[in-house]
Amino acid sequence: TGLGLTFSASPDLDRPSDRRRPQYLRAMPYSLECGETKTGTTAGHSAGENYFTFDDMDGTFTVDSCGSSMDTMMTLTSGGFESQGGTVLAHSDDGDFCSNFLDAAIEASGLGGGRYYVLMEGYGDEDGTYSVHLSC
């Protein structure tokens, strides 16, 4: 794109086309700090979703769901969550960043500082326990 951005994740075009996009958040977002891991469950959350936000000074980071018990997907946005009009930067479904191929990971560099938003969800509305880690 000529913007000097680097992602190691599937582009937005690879997302399943049958995904629902709510016009509101189904849960309050959790705040993430660099080096922090959040664990929890999507059980009881509509569509198996959880939301995270974090601030990064230089736009170089990795966010992953390594160690989750379910097949996870992640969408990274800026300017708000996608359902709130945010811009999708990357999407990750399956990959080889984690030891479990079904975990998701997004590696980004060259974005510049700012607030970023992550939607973490189970594939096909799958529920289970998750582990979301942010490295900066």
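Residues numbered from 1 in each chain as written. Predicted model: local features only at pLDDT ≥ 70, side-chain atom pairs only at ≥ 80, totals over all residues. Heavy atoms only, no water.

A. Up close: the environment of Ser 31. By the element assignment, Ser 31 lies in strand 2 (residues 30-31). Along the chain, Ser 31 and Asp 55 lie 24 residues apart, while their C-alpha atoms are 9.0 Å from each other. (Helix = DSSP H or I, 4+ residues; strand = E, 2+ residues; numbered from the N terminus.)

B. Representation of the nonpolar core within the structure. Grouped together as the largest cluster of nonpolar side chains are 19 residues, with contacts concentrated most on Phe 54, Phe 61, Met 74 and Val 132. For this core, the secondary structure elements donating two or more residues are strand 4 (49-56), strand 5 (61-64), strand 6 (72-78), strand 8 (105-109), strand 9 (114-122) and strand 10 (129-135). Excluding residues within four positions of it along the chain, Phe 54 makes contact with Leu 32, Phe 61, Leu 76, Gly 114, Arg 115, Tyr 116, Val 118 and Leu 134. (Core = buried A, V, L, I, M, F, W, Y, C linked by side-chain atoms within 4.5 Å. Buried < 20%, exposed > 50% of the residue type's maximum accessible area, 1.4 Å probe, protein only. Contact = heavy atoms within 4.5 Å.)

C. Local environment of the state of the cysteines. Within this structure, the stated rule accounts for two disulfides. Disulfide pairing places Cys 34 opposite Cys 136 at an S-S distance of 2.0 Å. Disulfide Cys 34-Cys 136: the torsion about the S-S bond is -75°, which places it as left-handed. Of this pair, Cys 34 sits in the loop between strand 2 and strand 3 (37-41) while Cys 136 is found in the segment after strand 10, placing the two residues 102 residues apart along the sequence. What makes Cys 34 partly exposed here is its relative accessible area of 42%. Each bonded cysteine in the chain gets a number by its place in the sequence, and the pairs come out as 1-4, 2-3. (Disulfide = S-S within 2.5 Å.)

D. Spotlight on the pairing of strand 10. In terms of strand pairing, strand 3 meets strand 10 through five bridges, oriented antiparallel. Looking at strand 10, one finds that Thr 41 is bridged to Thr 129. Alignment of strand 5 against strand 10, held across three bridges, turns out to be antiparallel. Counted as the bridge partner of Asp 64 is His 133 from strand 10. (Pairing = 2+ DSSP bridges.)

E. Geometry of the pairing of strand 9. For strand 9, the tally of buried residues reaches seven of nine residues, placing the bulk of the element in the interior. Note: strand 4 against strand 9, eight bridges, orientation antiparallel. Pairing of Asp 55 across the sheet is with Arg 115, part of strand 9. In the sheet, strand 6 pairs with strand 9 via seven bridges, with the strands oriented antiparallel. What sits directly across from Met 74, in strand 9, is Met 120.

Honestly, it's all geometry; don't read function into it.
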